[in-house]
Amino acid sequence: MANHKVVCWDCGAEVADPYVTVCPKCGGLLTVKMDLEPIKEMRPEDLQKTPLGVWRYAPFMPVDPAHKVSIQEGGTPLYKTDALSAEIGVKQAYVKFEGLNPTGSFKDRGMTVGVSHAKELGAKVVGCASTGNTSASLAAYASKAGIKCAVFLPSGKVAAGKLAQALFFGAKVLSIDGNFDDALALARKMSDERKLYLLNSINPYRPEGQKSVLFEIIDQLKFDVPDRVILPVGNAANIWAIYKACMELKEVGWIDKVPMLTGIQAEGAAPVAKAFRAKSKDFIPEEHPETVATAIRIGNPVSGRKALHAIYDTNGYAETVTDAEIIAAQQLLGRREGVCVEPASAASVAGLKKLRENGVIDRDERVVCICTGNGLKDPDTIIANSPAPIKCKNSVEDVERILSE
Ligand code: F0G
């Protein structure tokens, strides 16, 4: 018997058709309701026998692990970043480095569950729109599952490493004349006509896998729940997934406190942060999102309302950061902590710095920044913001001259 059902987040109606992406009754967003009763009989130690990673938390996942399509996702490091803590002036900052997932971003957590479910359904074609990482991840998992894959990308706005991955894994890579929101609209049309099984995060199975990042953080901190978790927000599903994980851990009685969930957006693509500023439960889409953090260059976030709920319900916060603040935070992580994250991921650290400076974050807080993707995904941005290589003659003297400068 299934351990879950799919329901409408807005009206509560149960949804049986796996190909619909919104509630057939009210058009609302879908979500998975897990049966947590069997987990209430368990202890965290029961799961800790399995290696750290998404499938350690199989009882919280809405697929039968017997059908799993996995390339060992999750199990990423939680760095205790002391230099960053000192620089920013907080009791303890940690970085959960999601760039060490199989395809270099947190998307693999959702994709292992989403593609496993697609396989259970017998889907013949899977697809997604993407700013880059989702397409790289889906292309890899579709290869592993042996399912045909099409990805819809905003033309000219996908970082080189991500585009290379989607091509490399053999997906049909469609370059769409428009931004991410346009690409998603087309992918959804294909899904509505049942021409592909859509694996964007509007598919409620995807966030289920993404819950695992919060489970891992809590495990890695030995159930000493952090005060705050900060993450970048684009299409807004990840913050929802993390909220859902918090609620489920609370419901099974494994934690009694929930971190303040704090979403960071780029100033040029900030519908959720602006809604938060206006104390609104809903957001106003932005027509021309723009930011150096192309992963979160999104104006009409599908899960924006869920994200706002997650933020309000955990007494969290939403803030914007400029492109310059993003690049400065990316370089700070590289030069003080030896961690190379992509610009969108650096938004979390830029947000931590800004919220500490303006007093929203207290000096006494223990904060986890989720750095969602690997810096190698976007080498062009790194090179554009770094000094040029130094011309050097083939001589010891010239090297010495340069090193002494
Ligand atoms: N960080 C990175 C590196 C991302 O790739 C994304 C989203 C986010 C943060 C935001 O997460 O959408 O759940 O709020 N990337 C999607 C993609 C949109 O297509 O790869 P979100």
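Everything that follows concerns the structure shown earlier in this document.
It should be emphasised that the depicted structure is a prediction, and the values quoted were computed from it without experimental measurement.

(A) Fine view of the side chain of arginine 356. Turning to its location among the elements, arginine 356 is positioned in helix 14 (residues 343-357). In this structure, arginine 356 is buried with no salt-bridge partner, the nearest side chain bearing the opposite charge being aspartate 362 at 6.1 Å. Once residues lying within four places of it in the same chain are set aside, the contact partners of arginine 356 are Ile88, Gly89, Val90, Ile361, Asp362 and Arg363.

(B) Up close: the site of the ligand. The environment of the ligand is made up of 20 residues, and the closest members are Ser130, Gly234, Asn235, Ala236 and Thr372. Between an oxygen atom of the ligand and a main-chain N or O atom of glycine 234, the distance comes to 2.8 Å. A distance of 2.7 Å separates an oxygen atom of the ligand from a polar backbone atom of alanine 236. Computed on the free molecule, the ligand has an accessible area of 480 Å², of which 98% lies beneath the protein chains in the complex. Judged by its atoms lying within 2 Å of the grid points, the ligand is housed in the largest cavity. Listed by contribution, the elements that provide at least two residues to the shell around the ligand are helix 5 (133-145) and helix 10 (237-251).

(C) Structural detail: the packing of helix 9 (residues 212-220) against helix 10. The N-to-C vectors of helix 9 and helix 10 enclose an angle of 55°; their axes lie 7 Å apart at closest approach. Of the possible angle classes, the one that applies to helix 9 and helix 10 is oblique. Facing helix 9, whose interface residues are Val213, Leu214, Phe215 and Ile218, helix 10 presents Ile242, Ala245, Cys246, Glu248 and Leu249. Of the residues that constitute the contact of helix 9 with helix 10, the class distribution is 8 nonpolar, no polar and 1 charged.

(D) Region of the structure containing helix 10. Taking 1.5 Å per residue as the helical rise, helix 10 with its 15 residues ought to reach 21 Å, and the 21 Å between its terminal C-alpha atoms agrees with that figure. Extensive coverage of helix 10 is indicated by the burial of 12 of its 15 residues.

(E) Spotlight on the nonpolar core. With 80 residues, the main nonpolar core has Phe60, Val115, Val126, Leu138, Leu199, Leu214 and Leu249 as its most contacted residues. Broken down by element, this core gets its largest block of residues, 7 residues, from helix 10. With 30 residues, the next largest nonpolar core counts Phe97, Ile264, Ile296 and Val367 among its residues.

(F) Examining the packing of aromatic side chains more closely. One pass over the full model with this rule turns up 10 aromatic pairs. Between tyrosine 19 and tyrosine 197 the ring centres are 5.4 Å apart and the planes differ by 75°, which places this aromatic pair in the edge-to-face class. Taken together, the positions of tyrosine 19 in the loop between strand 1 (4-8) and strand 2 (30-34) and tyrosine 197 in strand 8 (residues 197-198) put the pair 178 residues apart, joining distant regions of the chain. Given the relative accessible area of 22%, tyrosine 19 is considered partly exposed. A centroid spacing of 4.6 Å and a plane angle of 45° characterise the contact between phenylalanine 60 and phenylalanine 215, whose relative ring orientation is tilted. Residue phenylalanine 60 is located in the loop between helix 2 (44-47) and strand 3 (78-80), and its partner phenylalanine 215 is located in helix 9; the two are separated by 155 residues in the primary sequence. One exposure class covers both phenylalanine 60 and phenylalanine 215, and it is buried. Here the aromatic cluster, defined as three or more aromatic residues joined through ring pairs, consists of Tyr57, Phe60, Phe215 and Trp254.

(G) Main features of the pattern of salt bridges. Following the criterion strictly, the structure yields 26 salt bridges and no others. Between arginine 336 and glutamate 87 there is a salt bridge, with the nearest N and O atoms lying 2.7 Å from each other. Separated by 249 residues along the polypeptide, arginine 336 in helix 13 (residues 323-337) and glutamate 87 in helix 3 (residues 82-88) bring together distant segments of the chain. A relative accessible area of 43% means that arginine 336 is categorised as partly exposed. Look at glutamate 87 and you get partly exposed, because its relative accessible area is 42%. For lysine 211, the salt bridge identified is with glutamate 248, shortest N-O distance 2.7 Å. One end of the pair, lysine 211, is in the loop between helix 8 (205-210) and helix 9; the other, glutamate 248, is in helix 10, with 37 residues separating them in the sequence. Among the charged side chains, a salt-bridge network with shared partners connects Lys96, Glu98, Arg109 and Glu216.

(H) Spatial organisation of the sheet that holds strand 6 (residues 148-154). What the 4 strands build is an open sheet, ordered 7-6-5-8; its pairing is parallel. Single-partner strands in this sheet number two, and they are strand 7 (172-176) and strand 8. Of the strand pairs in this sheet, strand 5 (residues 125-129) and strand 8 are connected by 2 bridges, and their pairing is parallel. In the sheet register, glycine 127 faces strand 8, and the bridge partner there is leucine 198. The sheet strands contacting helix 5 are strand 5 and strand 6, and the helix crosses strand 5 at an angle near 170°.

(I) Structural detail: the sheet that holds strand 12 (residues 366-371). Ordered by their spatial adjacency, 6 strands build an open sheet running 3-4-12-9-10-11, and the pairing between neighbours is mixed. Among the strands making up the open sheet, the edge pair consists of strand 3 and strand 11 (317-321). Taken over all neighbouring pairs, the strand axes of this sheet differ in orientation by 25° on average, direction set aside. Bridging between strand 4 (residues 92-97) and strand 12 involves 6 bridges; their strand directions are parallel. Across the sheet, the residue bridging to lysine 96 is isoleucine 370, located in strand 12. This element, helix 14, spans strand 4, strand 9 (228-232), strand 10 (260-266), strand 11 and strand 12 of the sheet and lies at about 155° to strand 12.

(J) Looking closely at the side chain of histidine 4. Note on placement: histidine 4 falls in strand 1. A relative accessible area of 18% means that histidine 4 is categorised as buried. A polar atom in the side chain of histidine 4 sits 2.8 Å from the side chain of tyrosine 205.

Conventions adopted
Residues numbered from 1 in each chain as written. Predicted model: local features only at pLDDT ≥ 70, side-chain atom pairs only at ≥ 80, totals over all residues. Heavy atoms only, no water. Helix = DSSP H or I, 4+ residues; strand = E, 2+ residues; numbered from the N terminus. Buried < 20%, exposed > 50% of the residue type's maximum accessible area, 1.4 Å probe, protein only. Lys, Arg positive; Asp, Glu negative; His and termini not counted. Salt bridge = Lys/Arg side-chain N within 4 Å of Asp/Glu carboxyl O. Contact = heavy atoms within 4.5 Å. Near = heavy atom within 4 Å. Polar contact = N/O pair within 3.5 Å; in protein donor to acceptor, adjacent residues only side chain to side chain. Areas by Shrake-Rupley, 256 points an atom, 1.4 Å probe, with all protein chains shown as cover. 1 Å grid on protein atoms, 1.4 Å probe; cavity = no way out; pocket = protein on both sides within 12 Å on 5 of 7 lines; lining within 4 Å. Sits in = over half its atoms within 2 Å of the grid points. Axes fitted to C-alpha atoms, helices over the stretch in contact; angles between N-to-C directions. Parallel < 35°, antiparallel > 145°, perpendicular 65-115°, else oblique. Nonpolar A, V, L, I, M, F, W, Y, C, P; charged D, E, K, R; others polar. Expected span 1.5 Å × (residues − 1). Core = buried A, V, L, I, M, F, W, Y, C linked by side-chain atoms within 4.5 Å. Phe/Tyr/Trp six-rings, centres within 6.5 Å; stacked < 30°, edge-to-face > 60°. Pairing = 2+ DSSP bridges.

What is shown is where atoms sit, not what they do.
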